[in-house]
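Letter by letter, the chains look like this.
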Amino acid sequence: MANIINYLKYALNSIEVLTRLTYDETETVIQDNAVVDYGIVHGNNLIVLVKVGMHGSIYGYQNKYLDIAELLNKRYGCTVITVSTPKFIYSLESEMKFVKEYAEKHNFNEYEVFYMGHSFGGTLGLLYGYKYSEIKRILAVNSPFSDDTDEMIKGIKSFNGLSLNLVYGLEYDFIDTGKKYSYLKNKIVNFSFLEDVDHYFTDKINQFLLLPVNYFFENINNKM
């Protein structure tokens with residue numbers, strides 16, 4: 001754990017100035033009688049799909065999701081699609097359909113998806129990410145295990161992509177739940193526990209912004 005913390009502290013100094021004011025494109029769809037917003041930063045055929053926490057917007061506190069989109073796009077050229085979560089919707093069907101249609105529209109004959117979810121957004125990835133072969137990496141941040149724990153465990157065990165990381169702050173109210181299921185760790189599945197971090201990464205926004213950098217692109221688990 002100490003090596004992870006030291007690496008994250010080092011990485012905090014590496015965020016460039018972010019100035020984006022809005023997404024390149026936004027779209028609103030009706031899903032299960034709820035208004036769901038999509039924010040898109042255009043890039044290449046590596047698509048980072050960010051599913052925010054319950055009742056969260058595509059911008060987030062202090063524009064954190066917009067900043068993530070800009071950071072990843074500037075560093076890696078990837079497309080970033082951020083999706084709001086207005087209520088409990090137990091599916092990724094609409095989100096993945098949106099991604100597929102976006103890829104077709106932009107003539108991506110082949111594409112990969114890296115999925116990041118915060119809180120319930122991460123829970124959705126753990127539940128259903130394994131059903132989509134195009135999802136190669138999953139990052140679930142402070143994601144509670146759902147009422148149907150058996151399905152969560154099935155989803156984690158069934159994921160056959162490159163990596164599945166569950167990240168929990170040690171100040172998170174349900175940290176014991178995260179530790180309880182850390183026995184699921186294997187060559188693909190990893191658990192990380194971050195010091196002085198609560199559910200929303202209060203006063204730790206830069207650390208939150210760097211999570212997809214560290215776990216998708218820098219392969220932090222090899223630095224332990």
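Quantities reported herein were computed from a predicted structural model and do not represent experimental measurements.

Draft legend 1. Spotlight on the packing of helix H4 (residues 120–128) against helix H5 (residues 149–158). Across the interface, H4 lies against H5 with an axial gap of 6 Å and an inter-helix angle of 70°. Taken together, H4 and H5 sit at an angle that is classed as roughly perpendicular. Contact with H4, carried on its side by Thr-123, Leu-126 and Leu-127, involves Glu-151, Met-152, Gly-155 and Ile-156 of H5 and no other residues of that element. Grouping the constituent residues of the contact of H4 with H5 by class yields 4 nonpolar, 2 polar and 1 charged.

Draft legend 2. A look at the nonpolar core. With 42 residues, the main nonpolar core has Ile-81 and Leu-166 as its most contacted residues. By size, the runner-up hydrophobic cluster in this structure holds 31 residues, among which are Leu-66, Cys-78, Phe-114 and Leu-209.

Draft legend 3. Region of the structure containing the layout of surface pockets. Empty space within the largest pocket amounts to approximately 270 Å³. Lining the largest pocket are 17 residues, and of these Tyr-61, Lys-64, Tyr-65, His-118 and Tyr-200 sit closest to its centre. Along the lines of polarity and charge, the residues of the lining of the largest pocket split into 7 nonpolar, 8 polar and 2 charged.

Draft legend 4. The pairing of strand E2 (residues 34–41), seen in detail. Burial within E2 is extensive, with 6 of its 8 residues counted as buried. Two elements, strand E1 (residues 25–31) and E2, share 7 bridges in a ladder whose sense is antiparallel. Each residue of the ladder has a partner; that of Gln-31, found in E2, is Ala-34. In textbook terms, the turn of a hairpin is the stretch between consecutive antiparallel strands, and for E1 and E2 this stretch comprises 2 residues, one of which, Asp-32, has a positive phi near 50°. Note that E2 and strand E4 (residues 78–83) share 4 bridges and pair antiparallel. Residue Gly-39 lies in a different strand from E4, and its bridge partner there is Thr-82.

About the thresholds
Residues numbered from 1 in each chain as written. Predicted model: local features only at pLDDT ≥ 70, side-chain atom pairs only at ≥ 80, totals over all residues. Heavy atoms only, no water. Axes fitted to C-alpha atoms, helices over the stretch in contact; angles between N-to-C directions. Helix = DSSP H or I, 4+ residues; strand = E, 2+ residues; numbered from the N terminus. Parallel < 35°, antiparallel > 145°, perpendicular 65-115°, else oblique. Contact = heavy atoms within 4.5 Å. Nonpolar A, V, L, I, M, F, W, Y, C, P; charged D, E, K, R; others polar. Core = buried A, V, L, I, M, F, W, Y, C linked by side-chain atoms within 4.5 Å. Buried < 20%, exposed > 50% of the residue type's maximum accessible area, 1.4 Å probe, protein only. 1 Å grid on protein atoms, 1.4 Å probe; cavity = no way out; pocket = protein on both sides within 12 Å on 5 of 7 lines; lining within 4 Å. Points joined across faces, edges and corners; volume = space filled by probe spheres on them. Pairing = 2+ DSSP bridges.

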